[in-house]
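# Structural features, examined
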Amino acid sequence: MSRVVVTVLYEDQRGPVRGFGLHELAWRCVFDDVDHDPWVCRSSMEARPMKGISKLLHAIREDVPAIAADGRRVVAVIDDDAIRRELDLPQGAAREDVITAVLHQCRAPEVLDVVLLEENAETVVSAVAACDHGLRHGLLERALRKGRGALAARDELLHGAAWGPAGTRACVRQAVPSFDGFVALLASLVRPALSPAAES
């Protein structure tokens, strides 16, 4: 029986498609790296879309110790384009200073990792569109615009990359280094728990 090894707090909200698209893509990329049973791999990583940066920061301040009480790690995935304003930092503050400021808000920073996505999650969506040559016409436009239908289109696009050829996922990781770093972090956290020694 697999257990949750890491809980990922996402700034974004979940779309109407079953399964949160950005997390679906992330765990499939992890699966590409760890070479383990896909469903055990998936169940080791829990996604919690937080519906906005203020709710995500509140969870970082208040909820991380409870989430990590069973020994799991917590990873916060934050869009890099607006977080400085939320933290009252200069717009030119270095990424390392932003991460430090976020960790200082947490009562258990030793169990928290912070990932800053270049610009925002839409950067990953755009990379998927550039890497997936079989993408349906108009889907990216719907995914990037605001308003009704955008979340569904974004999730459809991300799910397509998650379940499409491994080459598409590799292309996305190369195009968005911060997403690649996020995947590498998740893989480093779940790989020891998925080893035969850990399962016995």
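This section reports on the structure supplied with the text. (Residues numbered from 1 in each chain as written. Predicted model: local features only at pLDDT ≥ 70, side-chain atom pairs only at ≥ 80, totals over all residues. Heavy atoms only, no water.)

### Thoughts on the environment of Ile99
Within the secondary structure layout, Ile99 lies in helix α6 (residues 95–104). Under the relative-accessibility criterion, Ile99 is labelled partly exposed at 25%. A C-alpha to C-alpha distance of 7.8 Å links Ile99 and Val115, two positions 16 residues apart in sequence. If we ignore the near neighbours within four places in the chain, the residues touching Ile99 are Val114 and Leu116. (Helix = DSSP H or I, 4+ residues; strand = E, 2+ residues; numbered from the N terminus. Buried < 20%, exposed > 50% of the residue type's maximum accessible area, 1.4 Å probe, protein only. Contact = heavy atoms within 4.5 Å.)

### Digging into the packing of aromatic side chains
Summed over all chains, the structure comprises six aromatic pairs. An angle of 65° between the planes, with centres 4.9 Å apart, marks the rings of Tyr10 and Phe20 as edge-to-face. Of this pair, Tyr10 sits in strand β1 (residues 6–10) while Phe20 is found in the loop between β1 and α1 (21–34), placing the two residues ten residues apart along the sequence. Relative accessible area serves as the criterion here: at 0%, Tyr10 is assigned to the buried category. For Phe20, a relative accessible area of 5% corresponds to the buried category. Aromatic ring contacts, followed pair by pair, group Tyr10, Phe20, Phe179 and Phe182 into a single cluster. The positively charged end of Arg28 is found above the aromatic ring belonging to Trp27, 5.7 Å away from the centroid. The aromatic ring of Trp163 is capped on one face by Arg28, whose charged end is 4.2 Å from the ring centroid. (Phe/Tyr/Trp six-rings, centres within 6.5 Å; stacked < 30°, edge-to-face > 60°. Lys NZ or Arg CZ within 6 Å of the ring centre and 35° of its normal.)

### A word on α6
Buried residues of α6: Val98, Ala101 and Val102, and no others. Taken down its axis, α6 places every buried residue within 100° of arc, on the same side. What points out from α6, more than 90 degrees from its buried face, is the exposed set Glu96 and His104. Those residues of α6 that are buried lie in contact with α3 (53–62), β3 (73–79), α5 (83–86) and β4 (112–117). (Arc of directions from axis to C-beta.)

### Regarding the sheet that holds strand β2 (residues 45–49)
With parallel pairing, four strands are arranged side by side in an open sheet as β2-β1-β3-β4. Where the open sheet ends on each side, the last strands, each with one partner, are β2 and β4. Direction aside, neighbouring strands of the sheet carry axes that sit 20° apart on average. Strand direction decides the pairing type here: β3 and β4, joined by six bridges, are parallel. Across the sheet, the residue bridging to Val77 is Val115, located in β4. (Pairing = 2+ DSSP bridges. Axes fitted to C-alpha atoms, helices over the stretch in contact; angles between N-to-C directions.)

### Points about the nonpolar core
One finds Leu25, Val75, Phe179 and Phe182 to be the most contacted residues of the largest nonpolar core, which totals 40 residues. Of all elements in the fold, only β1, α1, β3, β4, α7 (121–131), α9 (150–163) and α11 (177–190) reach the threshold of two or more residues within this core. Here the element with the most residues in this core is α11; it accounts for eight residues. With residues near it in sequence (within four places) discarded, Val75 still touches Val6, Thr7, Val8, Leu9, Asp113, Val115, Phe182, Leu185, Leu186 and Leu189. Grouped together as the second largest cluster of nonpolar side chains are 25 residues, Ala59, Val64, Val102 and Val114 included. (Core = buried A, V, L, I, M, F, W, Y, C linked by side-chain atoms within 4.5 Å.)

### Digging into α1
The terminal C-alpha atoms of α1, which comprises 14 residues, lie 20 Å apart, in line with the 20 Å expected from a rise of 1.5 Å per residue. When you tally the buried positions in α1, you get eleven out of 14 residues, the bulk of the element. Listing the buried residues of α1 in full gives Gly21, Leu22, His23, Glu24, Leu25, Ala26, Trp27, Arg28, Cys29, Val30 and Val34. Looking one or two places after α1, you find Asp35, whose phi comes out positive at around 55°. (Expected span 1.5 Å × (residues − 1).)

### Side note on the state of the cysteines
Across all of its chains, the model carries one disulfide by this definition. A disulfide bridge connects Cys131 with Cys171, and the sulfur atoms are separated by 2.0 Å. With the S-S bond torsion at -70°, the cross-link from Cys131 to Cys171 turns out left-handed. Of this pair, Cys131 sits in helix α7 while Cys171 sits in helix α10 (residues 166–175), and the two are 40 residues apart along the sequence. Cys131 gets classed as buried once you look at its relative accessible area, which sits at 7%. (Disulfide = S-S within 2.5 Å.)

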